[in-house]
Amino acid sequence: MPGLRARGVRRLAAGVAALLAAAALAACSRGESPLAGCHLPSGATVLAIGDSLTRGQGGDGEGYAEQLQQRLGEAVTVVQRGINGERSDGLLARIDDALAEHRPALVLITSGGNDVLRRVPAERTRANLKAVAERVRAAGAVPVIFAVPQPSVAAVVGLLDDHPLFDDLAGDLHVIPDVVAEVLSDDALKADAIHPNRAGYTRLADAAAAVLQRCR
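The name recorded for the protein chain in an unreviewed UniProt entry is Arylesterase, from Rubrivivax albus.

What follows is the structure in structure tokens.
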């Protein structure tokens, strides 16, 4: 009987260990730590790609990518590849070429805002951005995206919140939350209803710099 009890205890312990291992593996597969293993050595390239928020519309020539480069100096090269009005399907169509050309260690993305404005179904936007993240990871880079706001009744009085689709993306890539919504909720930080001014882009550069710091 004591031998049976001992074997039963060992089997129970083995079963618990297997369950814990499976849970850990599932957590990793869900991508709960998108910045895990992120490393940004001196001389690395950061690709800033996306729509007019990347292009720096409204920033008088000093969008967040340009300001980020000024802060980093020669330690890291920031390449800006923003296209005004681009939707997520356009980003997906060109991401492979951009990755092949610049070989970045980290990719900063702004996308989804024009999808929202043009009433593209959220499911399609989500699928496009997940596919972009997969392409970035396959190229050996870390994908990071700025969440953008959703239209709402509160938005009429300037109180913006992130679109919920970015919550769904958090396991696939690192999401920078709130900053775009906060900037576009403050008249002192925006050039128009959907674009920051230079001071607003400084806030985006702050948020991007904080992510890069975690990778160095």
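Further notes follow.
> Just checking my understanding: could you explain the side chain of asparagine 197 for this structure?
Looking at where asparagine 197 falls in the secondary structure, it is placed in the loop between strand S7 (195-196) and helix H9 (198-214). A residue is classified by how much of its surface remains accessible, and asparagine 197, at 19% relative accessible area, is buried. Within the structure, the side chain of asparagine 197 is placed 2.8 Å from the backbone nitrogen of glycine 200, a separation counted as a polar contact. Ignoring anything within four residues of it in the chain, the contact list for asparagine 197 reads Gly58, Gly59, Ala188, Leu189, Lys190 and Ala191.

> Sorry if this is basic, but what is going on with the packing of aromatic side chains here?
Between two aromatic rings, the relevant description is the distance of the centres plus the angle of the planes. Applying the stated criterion across every chain, the model contains one aromatic pair. Ring centres 5.2 Å apart and planes at 65° place the aromatic pair tyrosine 64 and phenylalanine 146 in the edge-to-face group. A residue pair is termed long-range when its members are at least 10 positions apart, and tyrosine 64 in helix H3 (residues 64-72) and phenylalanine 146 in strand S4 (residues 142-146) qualify at 82 residues. On the accessibility criterion, phenylalanine 146 (0% relative accessible area) is buried.

> Can you help me understand helix H6 (residues 122-138) in this one?
Residues separated by three or four positions in an α-helix point in the same direction, a consequence of the helix having 3.6 residues per turn. Helix length check: H6, at 17 residues, gives a terminal C-alpha distance of 24 Å against a target of 24 Å (1.5 Å per residue), a fit within 8%. Restricting attention to buried positions, one finds in H6 the residues Thr125, Arg126, Asn128, Leu129, Ala131, Val132, Ala133 and Val136. Looking at the buried positions of H6, the neighbouring elements they touch are helix H4 (88-102), strand S3 (106-110), helix H5 (113-117), S4 and helix H7 (165-169). Glycine 140 sits one or two positions beyond H6 and adopts a positive phi of about 85°.

> When you look at unusual backbone geometry in this model, what are you seeing that I'm missing?
Excluding glycine, a negative phi dihedral is what most residues carry, and trans is how most peptide bonds are arranged. Look at aspartate 60: it is not a glycine, yet its phi comes out positive at around 55°. With respect to the helices, strands and loops of the structure, aspartate 60 is situated in the loop between helix H2 (52-55) and H3. A positive phi is found at aspartate 178, a non-glycine position, where the angle reads about 70°. Within the secondary structure, aspartate 178 is located in the loop between strand S5 (174-176) and helix H8 (179-184).

> How do you make sense of the environment of aspartate 167 when you look at a structure like this?
Take aspartate 167: it is sitting in helix H7. Sequence-wise, aspartate 167 and alanine 147 are 20 residues apart; in three dimensions their C-alpha atoms are separated by 8.8 Å.

> Hey, could you run me through the state of the cysteines in this one?
Each disulfide is one covalent bond, formed between the sulfur atoms of two cysteines. The tally for this structure, following the rule as stated, stands at one disulfide. Between the sulfur atoms of cysteine 38 and its disulfide mate cysteine 215 the distance is 1.9 Å. Where cysteine 38 bonds to cysteine 215 through sulfur, the torsion about that S-S bond is close to 105°, and the disulfide is right-handed. Taken together, the residues span a long stretch of sequence, with cysteine 38 in the loop between helix H1 (2-29) and strand S1 (45-50) and cysteine 215 in the segment after H9 at a distance of 177 residues. Exposure remark for cysteine 38: the relative accessible area of 11% places this residue in the buried category.

Rules of the game
Residues numbered from 1 in each chain as written. Predicted model: local features only at pLDDT ≥ 70, side-chain atom pairs only at ≥ 80, totals over all residues. Heavy atoms only, no water. Helix = DSSP H or I, 4+ residues; strand = E, 2+ residues; numbered from the N terminus. Buried < 20%, exposed > 50% of the residue type's maximum accessible area, 1.4 Å probe, protein only. Polar contact = N/O pair within 3.5 Å; in protein donor to acceptor, adjacent residues only side chain to side chain. Contact = heavy atoms within 4.5 Å. Phe/Tyr/Trp six-rings, centres within 6.5 Å; stacked < 30°, edge-to-face > 60°. Expected span 1.5 Å × (residues − 1). Disulfide = S-S within 2.5 Å.

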